[in-house]
Amino acid sequence: MSSRYNIKETEKKWRRIWDERESFKVSEDSTKPKYYVLEMFPYPSGRIHVGHVRNYTLGDVVARYRRAQGFNVIHPMGWDAFGLPAENAAIERGEHPDKWTHENIDAMRAQLKSMGLSIDWSREVTTCDADYYRHEQKMFLDFYKKGIAYRRESMVNWDPVDNTVLANEQVIDGKGWRTGAPVERRKLNQWFLKITDYADELLECVKKLDGWPEKVRIMQENWIGKSQGVRFSFALEDASEKIEVYTTRHDTIFGVSFIVLAADHPVAQKLCKGKPGFEDFVRKCQATGTSEEAIEKAEKLGFDTGFKAINPLRPKSKIPVLVANYVLMDYGTGAVMGVPGHDQRDFEFAAKYKLPVLPVISNERSEEKSQDNQGDSSHTLGMTEAYTGDGIMINSDFINGMNVEEAKQAVAAKLVEMKIGTVTTQFRLRDWGISRQRYWGCPIPIIYCDACDIVPVPEKDLPVTLPQDVTFDKPGNPLERHPTWKNVKCPKCGAAARRETDTFDTFFESSWYQFRYCDPHNEKLPVAKDRAKYWMPVEQYIGGVEHAVLHLLYARFFTKIMRDCGYVDCDEPFTGLFTQGMVTHATYKDKDGKWLLPTDVIIDGDKVKDKNGNPVTVGRIEKMSKSKKNVVDPEDIMDTYGADAARLFILSDSPPERDLEWTESGIEGAWRYVNRLHKIILDAGNNLPAAGAAQPSNFDDKSLALRRAAHKAVKGVAEDIESFQMNKAVAKVRELSNAIGTYEGDGWVLREALEVLVKLMNPMMPHLAEELWQMLGHKTLLVDEAWPQFDAGLLTQETVTIGVQVNGKLRASITLAADAGEGEAREAALAQDNVVKFMEGKAVRKFIYVPGKIVNVVVG
RNA sequence: GCGGGUGUGGUGGAACUGGUAGACGCGCCAGACUCAAAAUCUGGUGUCCCUAGGACGUGUCGGUUCGAGUCCGACCACCCGCACCA
């Protein structure tokens with residue numbers, strides 16, 4: 001007869017029961033308030049990692065808690081199944097992406113199920129299946145009809161050896177990851193969605209998303225980057241071309257000392273045609289990858305066109321025109337006015353190419369260094385950086401003496417009056433490029449015909465499915481070289497035509513899956529309008545901060561264009577958002593400097609060795625990654641300690657928004673606690689009155705104290721879960737179980753406390769809670785039980801102990817009635833020996849009493 | 001480079017809107033049980049001087065306040081994102 005808790009069997013048993021009773025299957029129910037809990041769906045890489053466990057545990061706590069609160073909770077799961085890793089697996093191991101992906105999904109589904117998540121698996125979606133992606137092909141055609149989707153040229157990373165497009169991730173130090181060849185920027189015709197048309201709405205709405213973390217809202221606002229500025233042109237001295245620039249710092253127009261153009265700016269191309277060295281320079285510019293980071297970090301390079309531009313407000317001054325690698329044609333006008341005195345990037349460029357610095361805003365530093373600079377200085381005036389703050393305009397003609405804001409107004413007015421400039425609003429946000437030159441994605445339903453140009457695939461021919469017979473033996477897109485797939489007849493004229501061989505960016509799939517879960521088997525529509533109306537928006541979305549900008553912005557945008565195409569009646573997909581931190585682990589290296597898995601390391605006190613007894617170096621605690629081998633396998637963990645212990649540990653130590661350090665001792669501690677809880681109920685079992693027995697008429701002090709603890713926990717745990725402070729919720733559950741563990745007294749009170757405990761721990765450790773609920777004699781399932789109610793009368797304290805300070809330093813503490821007045825507090829405080837001692841006989845100058853908080857006696 | 005964040009004992013963290021810093025864990029120490037060990041249970045545990053008590057203490061430096069982990073300014077360290085990884 002073992003009384004020990006059989007974790008594996010018990011957990012399996014409850015999962016089977018939930019499954020049999022379809023406990024988590026939901027449908028629309030107008031009698032109940034709905035609650036939509038969604039975690040970012042996983043990419044099916046093959047195995048779940050601890051980051052997934054954290055994500056889905058957090059969501060499950062919320063889902064189970066809301067369900068106990070009486071909500072009709074929808075909590076679905078699916079697979080973000082298109083993407084690069086499947087193609088890499090195909091290249092490396094010869095496995096077909098479809099097979100590889102579906103096998104991974106099966107493996108990961110089993111792993112996720114073993115976590116005991118309260119998921120409605122009947123709503124599972126897989127984005128690489130045609131019954132999912134057919135709907136986005138239809139939506140794309142609608143976007144095209146409405147002018148939201150369009151085609152234009154844009155830059156990609158090009159590997160000149162493999163003759164293939166590289167993802168930014170595949171560019172390492174400017175070189176292709178497989179070939180090592182220097183990457184080039186190359187122009188390609190690609191599809192875009194006009195997210196810039198929605199910039200204003202996306203900006204205005206994000207400001208109102210008060211269920212989102214402030215930091216994410218700020219990041220999105222900055223990403224959209226609305227600015228007010230002026231667009232105007234510089235004429236050239238010896239050429240008829242004009243150079244249009246956009247600037248938000250038109251106040252510094254008298255400080256312009258050069259103009260820079262993008263290498264592929266039409267004016268640059270024209271002016272420099274045939275100029276010695278220009279072709280080389282353009283090639284050098286194109287040698288940087290397309291990522292903003294790479295461009296910003298690259299050494300600034302310039303090429304003098306030899307031409308001079310004329311400052312429209314100071315026609316006498318002729319300023320050099322250069323071509324530079326830090327200006328991009330995609331941004332603004334592809335030309336920038338250089339103001340090295342007041343822009344750090346321009347300053348660095350000027351310092352390197354010995355361009356003059358003309359300070360036009362006075363501040364302490366510039367006043368010392370430039371007395372009366374009239375605009376022909378040829379040095380940096382000893383300045384070490386640009387001055388970007390406010391100040392008084394100097395060396396600036398009619399705006400001298402104004403501050404920055406006044407100067408902006410005056411210059412803008414002047415340029416408008418002269419009819420050479422316009423005041424404009426500009427966004428940093430660029431249109432969303434959705435074309436990918438890859439096989440494993442959703443085909444773009446477009447046909448190119450020599451006669452009819454761009455022809456949408458007729459709706460009756462949807463979905464355009466991926467051909468299965470593809471090979472990955474050569475670099476590049478297999479669709480491109482498929483013998484038959486791309487050759488079709490033009491739907492309009494019947495002539496020979498070609499399919500688009502690009503596929504969608506995988507952000508396309510993840511931009512609307514939240515809708516698909518509401519109606520996952522609908523064959524006609526992405527989602528029926530009324531179903532979306534019932535379930536949307538998502539009350540609680542949970543995922544990593546790494547998605548703070550791109551995925552979340554695209555999903556918000558997609559919701560708005562689906563709305564405008566008549567699919568749904570929803571403005572914002574996610575009203576509540578929580579961004580979790582990473583999971584980290586210590587790193588280990590053997591004596592040869594090779595990374596070691598935590599399971600290959602033996603820690604004995606402060607000695608760390610490998611399996612052969614060789615010393616191991618313990619490195620920094622870092623984000624779990626395969627490359628550093630500092631990973632633990634959730635399946636191993638759940639096998640050894642059970643899902644509840646894994647869930648508990650994930651929740652207990654760190655606040656969810658911060659990084660979580662996975663430790664062996666931590667998971668062991670959680671496991672011990674799971675067993676301890678089981679033992680507490682087991683020990684109490686026989687001494688308890690039956691469930692539902694009558695409440696005694698009065699309680700002794702000990703009983704009252706336990707009741708207080710239980711009711712306080714009900715309130716506290718609910719508050720903590722709602723504010724996502726799961727670590728505090730766990731601490732409160734532990735406090736309650738500590739109080740129960742030391743309690744000896746009335747059985748009714750003990751049962752009350754135990755039942756509260758079991759209900760409070762249920763969202764965190766659902767298998768154990770269900771088992772304990774049964775051990776307490778209940779026939780119902782805990783998943784169907786309501787969250788306990790607390791008695792507010794048990795939460796108020798009659799007396800409080802507060803600190804007494806003398807001149808701000810704590811000297812004593814006093815216990816007072818909670819509603820004691822200042823007189824009582826003063827009397828009690830001044831009666832304390834230690835208070836008298838530190839007053840040193842001096843008079844009370846000020847007496848501060850904050851009821852329930854503190855007394856501060858100020859003397860001297 | 002630009003944008004966003006984090007920093008509290010040996011350790012993960014707690015501290016409500018400025019009011020007794022260290023809840024709850026992990027680790028460690030001591031005790032109980034045991035022939036012994038493991039497991040379990042009980043107690044202790046910021047540092048220093050150690051005396052009932054005191055001094056110091058929330059990344060660093062400065063400020064506001066009767067009172068600062070919390071507010072303000074400057075700095076340091078580390079982390080995340082940067083549009084084709086998802």
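Residues numbered from 1 in each chain as written. Chains lettered and ligands numbered in written order. Predicted model: local features only at pLDDT ≥ 70, side-chain atom pairs only at ≥ 80, totals over all residues. Heavy atoms only, no water.

Caption draft 1: Up close: the overall build of chain A. For chain A, the helix and strand inventory stands at 26 helices and 37 strands. Reported as C-alpha extents along the three principal axes, the dimensions of chain A are approximately 100 × 85 × 65 Å. Looking at the 860 residues of chain A, the share that counts as buried comes to 53%. If you take every contact in chain A between residues at least 6 apart in sequence, the share linking residues at least 24 apart comes to 72%. Total accessible area on chain A is roughly 39,300 Å²; 49% of this is exposed by carbon and sulfur atoms. Taken together, the 114 basic and 125 acidic charged side chains of chain A have centroids lying 1 Å from each other. (Helix = DSSP H or I, 4+ residues; strand = E, 2+ residues; numbered from the N terminus. Buried < 20%, exposed > 50% of the residue type's maximum accessible area, 1.4 Å probe, protein only. Contact = heavy atoms within 4.5 Å. Areas by Shrake-Rupley, 256 points an atom, 1.4 Å probe, with all protein chains shown as cover. Lys, Arg positive; Asp, Glu negative; His and termini not counted. Charge placed at Lys NZ, Arg CZ, Asp CG, Glu CD.)

Caption draft 2: Up close: the protein's contact with RNA strand B. Neighbouring RNA strand B are 66 residues, the closest being R438, K728, T801, K853 and N856. Sugar and phosphate atoms represent 64% of those atoms of RNA strand B found within 4 Å of the protein. Between R436 and RNA strand B, the recorded distance is 2.8 Å, taken from a side-chain N or O atom to a phosphate oxygen. One nitrogen or oxygen atom from the side chain of K809 is found 3.0 Å from a phosphate oxygen belonging to RNA strand B. It is helix α22 (residues 726–741) that provides the largest number of residues to the surface near RNA strand B, a total of six residues. (Near = heavy atom within 4 Å. Polar contact = N/O pair within 3.5 Å; in protein donor to acceptor, adjacent residues only side chain to side chain.)

Caption draft 3: Broad picture of the sheet that holds strand β1 (residues 34–39). One open sheet accounts for four strands, arranged β2-β1-β26-β27; its pairing is parallel. Of all strands in the sheet, those bounded by a partner on one side alone are β2 (72–74) and β27 (577–580). Direction aside, neighbouring strands of the sheet carry axes that sit 20° apart on average. Pairing analysis gives three bridges linking β1 to β2, with the strands arranged parallel. By the bridge assignment, Y36 is partnered in β2 with I74. The sheet contacts of helix α2 (residues 50–68) involve β1, β2, β26 (540–544) and β27, and relative to β1 the element is tilted by about 175°. (Pairing = 2+ DSSP bridges. Axes fitted to C-alpha atoms, helices over the stretch in contact; angles between N-to-C directions.)

Caption draft 4: Structural context of the confidence of the model for chain A. For chain A, per-residue confidence averages 90 on the pLDDT scale, and 97% of positions sit at 70 or higher. Contacts of residues 365–378 to residues separated by more than four positions or lying in other chains number 20 contacts, the stretch itself having pLDDT below 50. (pLDDT = per-residue confidence, 0-100.)

Caption draft 5: Spotlight on empty space enclosed by the protein. This structure, assessed with the given rule, holds four cavities of 30 Å³ or more. Put simply, the largest cavity is a space of about 50 Å³. For the largest cavity, the full set of lining residues is F24, V26, A63, R64, R67, V73, I74, H75, S118 and D120. Those elements that place two or more of their residues in the lining of the largest cavity are α2 and β2. Considering each element in turn, the lining of the largest cavity owes the most residues, three residues, to α2. (1 Å grid on protein atoms, 1.4 Å probe; cavity = no way out; pocket = protein on both sides within 12 Å on 5 of 7 lines; lining within 4 Å. Points joined across faces, edges and corners; volume = space filled by probe spheres on them.)

Caption draft 6: Layout of the environment of M536. On the secondary structure map, M536 appears in the loop between α16 (529–535) and β26. Measuring from C-alpha to C-alpha, the distance between M536 and F504 comes to 25 Å, with 32 residues separating the pair along the chain. Residues within four places of M536 in sequence aside, it is in contact with K34, Y36, Q514, F515, C518, C570 and P573.

Caption draft 7: How the structure looks around the layout of surface pockets. Of the pockets and cavities examined, the second largest pocket occupies roughly 1,200 Å³. Together, 36 residues line the second largest pocket, and Y246, Y331, G332, Q426 and R428 are the ones closest to its centre. Counting residues per element, the ones that place at least two in the lining of the second largest pocket are β5 (149–159), β11 (242–247), α10 (292–297), β15 (335–338), α11 (344–353) and β18 (421–427). Of the residues assigned to the lining of the second largest pocket, the class counts are 14 nonpolar, 11 polar and 11 charged. (Nonpolar A, V, L, I, M, F, W, Y, C, P; charged D, E, K, R; others polar.)

Caption draft 8: View of α2. Here α2 is 19 residues long and its end C-alpha atoms lie 27 Å apart, about the 27 Å a rise of 1.5 Å per residue gives. Just beyond α2, the residue with positive phi is G70, at close to 100°. (Expected span 1.5 Å × (residues − 1).)

Caption draft 9: Here's a closer look at the packing of aromatic side chains. Applying the stated criterion across every chain yields a total of 35 aromatic pairs. Ring centres of W18 and F24 lie 5.8 Å apart, and the angle between their planes is 65°; on these two criteria the pair is classed as edge-to-face. Assigned by exposure class, W18 and F24 land together as buried. Seen from their ring centres, F82 and W440 are 5.1 Å apart, and the 80° between their planes marks the pair as edge-to-face. (Phe/Tyr/Trp six-rings, centres within 6.5 Å; stacked < 30°, edge-to-face > 60°.)

Caption draft 10: Representation of the pairing of strand β36 (residues 844–850). In this structure, β36 lies alongside strand β37 (residues 854–859), joined through six bridges in antiparallel fashion. Across the sheet, the residue bridging to V844 is V859, located in β37. Linking β36 back to β37 in an antiparallel pair, the connection comprises three residues, with G852 at a positive phi of about 80°.

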